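Secondary and tertiary structure notes
Residues per chain, in single letters:
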Amino acid sequence: MIYLLIPFAIALLFMVLLYNNLISKKNKVEEAYSSIDVMLKKRSDLIPQLVNTVKGYLKHESETLTSITKLREKIVGGNLSVEKRLNLESDIDQLFRKLNISVEAYPDLKASQNFMLLQSSLNEVEEQLSAARRAYNASVNAFNNALEMFPSNIMGRLMGYTNKDLYKIDPSEAIQPKVSF
């Protein structure tokens, strides 16, 4: 009689291990997304300080500053989907690049200690954000692989899991910048 229970116990143990593995991978994806969220919040908190510091110097670029502020308000104020949130953050990335180009024309601003500190803080946050995005994609990749590989794909379907989307950049960001002297 006990010999009949052994295969059942092994199968049950195997299913529990698959289940726990998928739960772990799902939670890792959520943790990685949360890390991106933390860095985006940190960046969002720095934006008003940067805008106020730069505002006096960049009167001509007030449209860029206004756009950054509006996007920040949308991100902070709304219940956005992951895709919409990441798209808005990508838009802010593009505006920051535009702002950095504008700053080059203002030597006094570049020499401002307050601006330099904010710029340094933003650069650090951007590096951390980049690392968080890489970690997110690695977690999503591991999760998606588990959902597509046998036998965890069976357990994944039973649990109702679907593949997650990787974080992708806007195609315009992938174009190599032209540098000339």
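**Details of the packing of aromatic side chains**
In total, this model carries two aromatic pairs according to the counting rule given. Pairing F143 with Y161 gives two aromatic rings, centres 5.6 Å apart and planes at 50 degrees, and the pair type is tilted. Here F143, found in helix 5 (residues 113-148), pairs with Y161, found in the segment after helix 6 (152-159); they are 18 residues apart in sequence, far enough to count as distant. Like Y161, F143 is buried.

**A look at the nonpolar core**
L22, I36, Y136 and Y161 are the most contacted members of the largest nonpolar core, which has 20 residues in total. Where this core is concerned, the elements lending two or more residues are helix 1 (2-55), helix 5 and helix 6. Not counting chain neighbours up to four residues away, the residues in contact with L22 comprise F143, A146, L147, S152, M155, G156, M159 and Y161. Listed in part, the 18 residues of the second largest apolar core include L46, V54, L65 and L95.

Each value, and the rule that gives it
- Residues numbered from 1 in each chain as written.
- Predicted model: local features only at pLDDT ≥ 70, side-chain atom pairs only at ≥ 80, totals over all residues.
- Heavy atoms only, no water.
- Phe/Tyr/Trp six-rings, centres within 6.5 Å; stacked < 30°, edge-to-face > 60°.
- Helix = DSSP H or I, 4+ residues; strand = E, 2+ residues; numbered from the N terminus.
- Buried < 20%, exposed > 50% of the residue type's maximum accessible area, 1.4 Å probe, protein only.
- Core = buried A, V, L, I, M, F, W, Y, C linked by side-chain atoms within 4.5 Å.
- Contact = heavy atoms within 4.5 Å.

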